[in-house]
Amino acid sequence: MKQKQLIIGNWKMNPRTVLEAQKLFDDIKKEVAVFQGTDVAVCPPFVFLSGLSALNSGKEISLGAQNVSSEEEGACTGEISVGMLKTLSVKFAIIGHSERRAMGETDEMVSKKVVAAVKAGLTAVLCVGERERDHESAFLQILKEQIIASLSGISERQLKNVVIAYEPVWAIGAKAKGVVEPEALLETIIFIRKVLSDLYSQKTAHAMKILYGGSVDEKNAGSFLKEGGANGLLVGRASLNAKKFVEILKIADNI
Ligand code: PGA
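What you see is a predicted model, and the numbers here were worked out from it, not measured in a lab. (Residues numbered from 1 in each chain as written. Predicted model: local features only at pLDDT ≥ 70, side-chain atom pairs only at ≥ 80, totals over all residues. Heavy atoms only, no water.)

A. Structural detail: a negative patch on the surface. A cluster of acidic residues, Glu71, Glu72, Glu73 and Glu79, forms a negative patch on the protein surface. You can see Glu73 is positioned in the loop between β3 (62-65) and α3 (82-87). (Patch = residues over 30% accessible without salt bridge, like charges linked within 9 Å, V, L, I, M, F, W, Y side chains within 5 Å. Areas by Shrake-Rupley, 256 points an atom, 1.4 Å probe, with all protein chains shown as cover. Salt bridge = Lys/Arg side-chain N within 4 Å of Asp/Glu carboxyl O. Lys, Arg positive; Asp, Glu negative; His and termini not counted. Charge placed at Lys NZ, Arg CZ, Asp CG, Glu CD. Helix = DSSP H or I, 4+ residues; strand = E, 2+ residues; numbered from the N terminus.)

Written out as structure tokens, the structure reads:
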């Protein structure tokens, strides 16, 4: 059976108001019912999750958080626990995004968060990616180390609650140096599967969803999914525009 594509919108610290968030969510929700081969999720800022969860009674769109605490409760000012997210029917948690790693999040912290999310039954969207691509392919070693460290607490059985998002840091955001070429993406995804297969088993590595993220838009989305071999996309800027995001969903659904 064909694996469903998973398209996740990462709203980052946007939009500015609850009303704008609700409008964006509604505009996407109106369109998603027709997509059969695509799972859709959006990850708004924490403060909007409760309101959007209330608007989502039919669960047409899965909700995700952009981060999560590794602790269950207690003296952790400013943190949000997996349990709190579960009460809002949140399904995904982005963990280890490069923008958070740039704020000091280490592989060890990422690993603890992945364990907390998976134990609670959330699906961890584990972000990995190199800062730069060198011609000698040393970046592959960096990816390998990130994956091994971030999954150190995860058993083969738990891996079904983990999705990997390959996001080369140089391809993310308004200052991106470019996007990854589909052939290069395919090679990198094969490499990631090899790392997973060495850590777990070939079967599990094969079944794992590997998404691509970094300057995805409605023009290049198809190439990452087709030639690039990604099982889905993590979309930043283009997910803030309902029209563009829905266009990406249509492309994914037609593959
Ligand atoms: P971008 O962000 O699509 O705006 O490059 C992607 C991400 O950071 O997840």
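B. Structural detail: the packing of aromatic side chains. All told, the structure shown has two aromatic pairs when counted by the stated rule. Taking the centre distance of 6.4 Å and the plane angle of 55 degrees together, the rings of Tyr166 and Tyr212 count as tilted. Of the two residues, Tyr166 is situated in strand β6 (residues 162-166) and Tyr212 in strand β7 (residues 210-213); the sequence distance between them amounts to 46 residues. Look at Tyr166 and you get buried, because its relative accessible area is 0%. The exposure class assigned to Tyr212 is buried, which follows from its relative accessible area of 0%. An angle of 35 degrees between the planes, with centres 4.3 Å apart, marks the rings of Tyr212 and Phe224 as tilted. Taken together, the residues span a long stretch of sequence, with Tyr212 in strand β7 and Phe224 in helix α9 (residues 221-225) at a distance of 12 residues. (Phe/Tyr/Trp six-rings, centres within 6.5 Å; stacked < 30°, edge-to-face > 60°. Buried < 20%, exposed > 50% of the residue type's maximum accessible area, 1.4 Å probe, protein only.)

C. Just the sheet that holds β6, in detail. The strand order β1-β2-β3-β4-β5-β6-β7-β8 describes a closed barrel built from eight strands, whose pairing is parallel. Each adjacent strand pair in this sheet contributes to an overall mean axis angle of 25 degrees, direction not counted. One ladder, built from two bridges, connects strand β2 (residues 38-43) with β3; its direction is parallel. Within the sheet, the bridge partner assigned to Ala41 lies in β3 and is Ser62. (Pairing = 2+ DSSP bridges. Axes fitted to C-alpha atoms, helices over the stretch in contact; angles between N-to-C directions.)

D. Structural context of the pairing of strand β1 (residues 5-10). Counting buried positions along β1 gives six out of six residues, so the element sits mostly inside the fold. What you see with β1 is no split at all: Gln5, Ile7 and Gly9 on one side and Leu6, Ile8 and Asn10 on the other are buried throughout. Running through helix α1 (residues 18-32), the crossover from β1 to the neighbouring parallel element β2 is right-handed. Taken together, the four bridges between β1 and strand β8 (residues 232-235) define a ladder with parallel strand orientation. The residue bridging Leu6 from the neighbouring strand is Gly232, located in β8. (Right-handed = clockwise from strand over helix to strand, strands pointing away.)

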